[in-house]
Amino acid sequence: MVAREVHLVTGIVARGYGSIRRLYEEGLIYRENRLLNWCPVCLTVLSDLEVLHEERQGHLWYIKYPVVGTKDFLVVATTRPETMLGDTAVAVNPEDERYAQLVGKKAFTAVDEP
């Protein structure tokens, strides 16, 4: 019974990939790195033609995460400070010289006790 269920799911996935590949090859869909207009009410992506864009003056917040075992801080800039309560990790680009001394270190997040 379990093997049959796995086979059915695999077939569905294979057909799905096949359909996507066919649409791509026909030029009906494309892949690109770009921003999307996600609608949290409709739970779908909206066309640029369906969205009224408006510029707003925002604010940039700077959050200092203490680095464990040092007096250093890792500063993160964000426009949504409320999300810091959900932060479970911070990461740096190991190739960026500005953060070389932080590679392999740990930092306290908002819910940790320094």
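### A short note on the pairing of strand 3 (residues 61-66)
- As paired elements, strand 3 and strand 4 (residues 73-78) share six bridges and run antiparallel to each other. Following the sheet pairing, Tyr 65 is matched in strand 4 by Leu 74.

### Details of the pattern of salt bridges
- Going through the model one piece at a time under the given rule, you end up with four salt bridges.
- The partner of Glu 82 in a salt bridge is Arg 80, with the nearest N and O atoms 2.8 Å apart.
- The salt bridge partner of Asp 96 is Arg 98, with a shortest N-O separation of 2.6 Å.
- On the accessibility criterion, Asp 96 (18% relative accessible area) is buried.

### Considering the side chain of Asn 37
- The topology assignment puts Asn 37 in strand 1 (residues 37-39).
- At a separation of 2.7 Å, a polar atom in the side chain of Asn 37 contacts the side chain of Asp 48.
- The residues touching Asn 37, leaving out its near neighbours within four places in the chain, are Thr 44, Val 45, Leu 46, Ser 47, Asp 48, Val 51 and His 53.

### Focus: the confidence of the model for the chain
- Scored by pLDDT, the chain has a mean of 83; 89% of the residues are at 70 or more.
- When mean pLDDT is taken per element in the chain, strand 3 scores highest with 91 and helix 1 (residues 2-25) scores lowest with 70.
- Below a pLDDT of 50 lies the segment residues 1-7, which in the model reaches zero contacts outside its immediate sequence neighbourhood of four places, other chains included.

### Points about the side chain of Thr 78
- The topology assignment puts Thr 78 in strand 4.
- Looking at Thr 78, the relative accessible area reads 17%, which means it is buried.
- Among the polar contacts listed, one links the side chain of Thr 78 to the backbone nitrogen of Arg 80, at a separation of 3.0 Å.
- Setting aside its immediate chain neighbours within four residues, Thr 78 contacts His 59, Leu 60, Trp 61 and Ile 63.

### Description of the environment of Gly 104
- Mapped onto the secondary structure, Gly 104 falls in the segment after strand 4.
- The exposure class of Gly 104 is exposed, given its relative accessible area of 77%.
- The sequence separation of Gly 104 and Ala 91 amounts to 13 residues, and the corresponding C-alpha distance is 9.7 Å.

The rules we used
Residues numbered from 1 in each chain as written. Predicted model: local features only at pLDDT ≥ 70, side-chain atom pairs only at ≥ 80, totals over all residues. Heavy atoms only, no water. Pairing = 2+ DSSP bridges. Helix = DSSP H or I, 4+ residues; strand = E, 2+ residues; numbered from the N terminus. Salt bridge = Lys/Arg side-chain N within 4 Å of Asp/Glu carboxyl O. Buried < 20%, exposed > 50% of the residue type's maximum accessible area, 1.4 Å probe, protein only. Polar contact = N/O pair within 3.5 Å; in protein donor to acceptor, adjacent residues only side chain to side chain. Contact = heavy atoms within 4.5 Å. pLDDT = per-residue confidence, 0-100.

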